[in-house]
Amino acid sequence: MDNLKRVIVDFKKLTPEVLKLLVEKYPDGYDDDNIITFRNAQGERVEAVEVTTDDTKYLVKISAKLEKTMANYEEEDYEDFDDDDPEAIPDVDIDSEDDPEM
């Protein structure tokens with residue numbers, strides 16, 4: 001397992017394959033025990049959750065958009081996209097459902 005490629009993924013670069021792995025690994029969402037904290041090259045604190053494929057270990061940065069996308073995940077929404085297509089995951093508005101005025 002030490003031979004795995006390591007990739008840090010931001011929500012904007014999330015692919016259907018990695019999203020599916022996240023939902024499968026954390027079907028009820030992730031909690032504090034699942035979060036990995038580290039400092040990036042700029043010295044900024046980053047929180048991420050980990051998923052692994054046969055050849056790659058992904059650290060997916062935590063965000064409100066990630067949580068909402070995972071909660072609303074439906075596999076058939078991504079059937080028309082390649083597994084590695086970051087354009088497949090739409091940007092989400094995290095305020096729309098929480099705002100009673102909408």
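Just above, that's the structure.
Note that this is a predicted model, so its numbers are computed, not measured.

What follows concerns the overall build of the protein. Within the protein, the secondary structure is distributed over two helices and four strands. Starting at the N terminus and walking to the C terminus, you meet the elements of the protein as β-α-β-β-β-α. Considering the protein as a whole, with its 102 residues, one finds that 31% of them fall into the buried category. Across the protein, the fraction of contacts at a sequence separation of at least 24, relative to all contacts at a separation of at least 6, is 65%. Surface accessibility of the protein: about 7300 Å² in total, with carbon and sulfur atoms responsible for 41%.

In this section: helix α2 (residues 64-71). Every buried residue of α2 is listed here: L66, K68, T69 and M70. If you follow the buried residues of α2, they end up packed against α1 (16-25) and β4 (56-61).

Let us look at the sheet that holds β4. The strand order across the open sheet built from four strands is β1-β4-β3-β2, with neighbouring strands paired in mixed fashion. Because the sheet does not close on itself, it has two edges, and the strands there are β1 (5-9) and β2 (35-39). Direction aside, neighbouring strands of the sheet carry axes that sit 35° apart on average. Bridge count for strand β3 (residues 45-52) against β4 is five bridges, and the pairing is antiparallel. Looking at the pairing, E50 lines up with L59 of β4.

It is worth spelling out the nonpolar core at this point. Counting 20 residues, the largest nonpolar core has L14, L19, L22, V60, L66 and M70 as its most contacted members. Those elements that place two or more of their residues in this core are α1, β3, β4 and α2. A per-element tally of this core places α1 first, with four residues.

Let's shift gears to a negative patch on the surface. A cluster of acidic residues, E17, D54, D55, D82, D83 and D84, forms a negative patch on the protein surface. Classification of D55 as partly exposed rests on a relative accessible area of 49%.

Look at α1 against α2: their axes get within 10 Å of each other, and the N-to-C directions meet at 75°. Between α1 and α2, the crossing angle belongs to the class labelled roughly perpendicular. Contact residues: L19, L22 and V23 in α1; L66, T69 and M70 in α2. Taken together, the residues that form the contact of α1 with α2 break down as five nonpolar, one polar and no charged.

What counts, and where the lines are drawn
- Residues numbered from 1 in each chain as written.
- Predicted model: local features only at pLDDT ≥ 70, side-chain atom pairs only at ≥ 80, totals over all residues.
- Heavy atoms only, no water.
- Helix = DSSP H or I, 4+ residues; strand = E, 2+ residues; numbered from the N terminus.
- Buried < 20%, exposed > 50% of the residue type's maximum accessible area, 1.4 Å probe, protein only.
- Contact = heavy atoms within 4.5 Å.
- Areas by Shrake-Rupley, 256 points an atom, 1.4 Å probe, with all protein chains shown as cover.
- Pairing = 2+ DSSP bridges.
- Axes fitted to C-alpha atoms, helices over the stretch in contact; angles between N-to-C directions.
- Core = buried A, V, L, I, M, F, W, Y, C linked by side-chain atoms within 4.5 Å.
- Patch = residues over 30% accessible without salt bridge, like charges linked within 9 Å, V, L, I, M, F, W, Y side chains within 5 Å.
- Salt bridge = Lys/Arg side-chain N within 4 Å of Asp/Glu carboxyl O.
- Lys, Arg positive; Asp, Glu negative; His and termini not counted.
- Charge placed at Lys NZ, Arg CZ, Asp CG, Glu CD.
- Parallel < 35°, antiparallel > 145°, perpendicular 65-115°, else oblique.
- Nonpolar A, V, L, I, M, F, W, Y, C, P; charged D, E, K, R; others polar.

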